[in-house]
Structures are given as structure tokens and as C-alpha cells.
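Coordinates in review
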Amino acid sequence: MDSLAATPGTGPATSPLPVIRAARKQRTFEDLPTDRTVVLGVLNVTPDSFSDGGRFARPDDAVAAGLRMLYGGADIIDVGGESTRPNAVPVDPAEEQKRVLPVIETLAKAGALISIDTMNASTAALALDAGAGIVNDVSGTDMDPDMPALIAERGVPYVLMHGRGDARTMSGLAEYKDVVEDVLAEIMEVRDRLYNGGVSPEQIIVDPGLGFAKTEEHNWALLRSLDRFDVLGHRLLIGTSRKRFLGTLLSTSGKAAPPEERDSATVATTALAAAAGVWGVRVHDVAANLDAVKVSAAWNG
Ligand code: PMM
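Residues numbered from 1 in each chain as written. Predicted model: local features only at pLDDT ≥ 70, side-chain atom pairs only at ≥ 80, totals over all residues. Heavy atoms only, no water.

**Thoughts on the confidence of the model for the chain**
- With 90% of its residues at a pLDDT of at least 70, the chain reaches an overall mean of 92.
- Per-residue pLDDT stays below 50 along residues 1-14; that stretch engages in 28 contacts with residues further than four places along the chain or on separate chains. (pLDDT = per-residue confidence, 0-100. Contact = heavy atoms within 4.5 Å.)

**Some words on the packing of helix α2 (residues 93-109) against helix α3 (residues 121-130)**
- Across the interface, α2 lies against α3 with an axial gap of 9 Å and an inter-helix angle of 20°. With respect to their mutual orientation, α2 and α3 come out roughly parallel. Crossing of α2 over α3 shows right-handed handedness. Seen from α2, the contacting residues are Pro93, Glu96, Gln97, Val100, Leu101, Ile104, Glu105 and Ala108; seen from α3, they are Ser122, Thr123, Leu126, Ala127 and Ala130.
- Here the residues of the contact of α2 with α3 are counted per class, giving 8 nonpolar, 3 polar and 2 charged. (Axes fitted to C-alpha atoms, helices over the stretch in contact; angles between N-to-C directions. Helix = DSSP H or I, 4+ residues; strand = E, 2+ residues; numbered from the N terminus. Parallel < 35°, antiparallel > 145°, perpendicular 65-115°, else oblique. Left-handed = near helix turned anticlockwise from the far one by under 90°. Nonpolar A, V, L, I, M, F, W, Y, C, P; charged D, E, K, R; others polar.)

**Topic: the pairing of strand β4 (residues 134-137)**
- Where burial is concerned, the two faces of β4 agree: the one with Ile134 and Asn136 and the one with Val135 and Asp137 are both buried.
- The pairing of strand β3 (residues 114-117) with β4 spans 3 bridges and is parallel. For Ile116, the partnering residue across the bridge sits in β4 and is Val135.
- One crossover worth recording links β3 to the parallel β4 by way of α3, and it is right-handed.
- Across 3 bridges, β4 lies against strand β5 (residues 158-161) in parallel orientation. Each residue of the ladder has a partner; that of Asp137, found in β5, is Leu160. (Buried < 20%, exposed > 50% of the residue type's maximum accessible area, 1.4 Å probe, protein only. Pairing = 2+ DSSP bridges. Right-handed = clockwise from strand over helix to strand, strands pointing away.)

Here's what the structure looks like:
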């Protein structure tokens, strides 16, 4: 019997968070498996994310979903409070913090290793205080100027995801001479800002930012060229889960498959990415993608 008892509520929006009666030792980055690709479970505490928006907008629903991912084998729970879907309305950091901090605190007590998906250094700092262990920043070339000093001071792993502009402008910025070359160059430029702020190379995890200022063809070109990211010398994370380019691929009668019908295709990308040697995958369906990374690890011996 597990020493941790959680009782997810089903009441109104003001219902209390699940009670974590016995804290268990929290996982750390050093505890992550090194013999397979790691699985980050997506937990969007937002009303408007493209695939799970609104499902976990209440803290107790978010915690219950996070616990299901944790017990289902997720290595990391990626908690975000601001949607990054194209044309999403920016969220005030205070509102973002109100959404994510109680969820992080509770999941940390339950033992989860948590990444905070945020573009704001102020939110990242409070999330780390609340028990997060990794910062996942999707701001790309528009990084918060306070981020490098924070990451250097805290010494935590940091996901440097490539992107241009924000949710409202990124679709218009998807122009590249050579998408792989240009994305690599822009990642190096952001990385220099982190290095100048005192961040060390081993803290950095790189992500090509599929769908962030990328067309569907750009996403496929990047996936085809994952080995070219080796030149950077960092761990590589990818996020294909339920994204629109998979919906288009699976179109029937010219109609894109909806997000809830994109999980099998996501699992296929996970198996291929794991075989290509990526460090981590960020996914909604933890169980199926965990199976895929295990198959890939066994296949590669
Ligand atoms: N994609 C989304 C949000 N955060 N973080 C990283 N590192 N990589 C991604 O590809 C990524 C991300 C958007 O997807 P969601 O709305 O399903 O969270």
C-alpha cells in the first residue's frame, strides 16, 4: 500500500486540493533513467491549451491528472499555466503563478520531479521555490532578460526551446533559408546569452520547438535532421504530442484529425525519436509513449 494518500476532489472550483498525507522523497534530475529516453507528461493548468485546455483548469483536477501521470510512470511532470497555441492571449504572470504554484507544491510533496513551462523568470523563480526542479522556457529568441541570471544562480536544468515571436506573431515568422541551419544558429545565439549570464553547458537541454514559428514542412525537416543537433553538445528534447502537423498527416476527406485522435501518431514519432537518440519526449499520453521508449531502448540494446 502506498504511503501517500491523495483524494482528488470533485466539488466546485473552490474545493480544496488533494491532501498529500505523507510526503515521499522527491525525485531529482539525477534519479532520471539513463538507459532510455525520458518521458515528460504535459500538465496544462490553462483554460485554453489546444489539446487539454480547460480539462485541468481547477487545481484539484490538475493535481489528480499529475498524480495519474506520476503513478503511470512519467519521469517528469511539465506544468504550465499559459497556453502557447497560435493567437493565445498572453497571461499576466500573477495569474500564471496563481494557476501553477499550488499544483507544483502538491505534486512535489507527492515526489514528482517537475518542470515549470514558463516564459517568465518571475514565475520560474517562484515555481522553483515551490518544488519544481527544471525550467522549460518556450520563449526562444525572446527570452526574458532576467532568465540567465536566475538559471545560473539556481543551477537547475533549463530547456532552451527554439521559437520566434509570441503566440500572436509566430505564425508570420516561419520563414527560413534552411530551417535546420537557421534554428541551430538561433539556438546558439540564445545559448550565448545564457553563457554570458553564468549558465553552464550541462544545465542546457535543447528543443527545436516544433510548431513554434514552424510550418508543417519545417517540423518534418527538423525531425528528419535530429542528428544535426548533436553539434550543440546538449541533451535534446522534442514535443510532437498531438500537434497540428500530425492532424494534417492523418487527414481524412481533407479534414485534419482532431487532437484526441493524434496519440498513435505521437507514439510513432516517440519511437523514432528515441531510436534517433533524443534525451526526452514531452507527451500527453504517458503510458503509450513510455511503452514506445522502452521498445526503442530494447531494440537498440
Ligand atoms: N510545446 C508546447 C508547450 N510547451 N515545451 C517544449 N519544451 N517543447 C514543446 O514542443 C512544447 C513546450 C505546446 O503544446 P501544448 O499546448 O500541448 O502544451
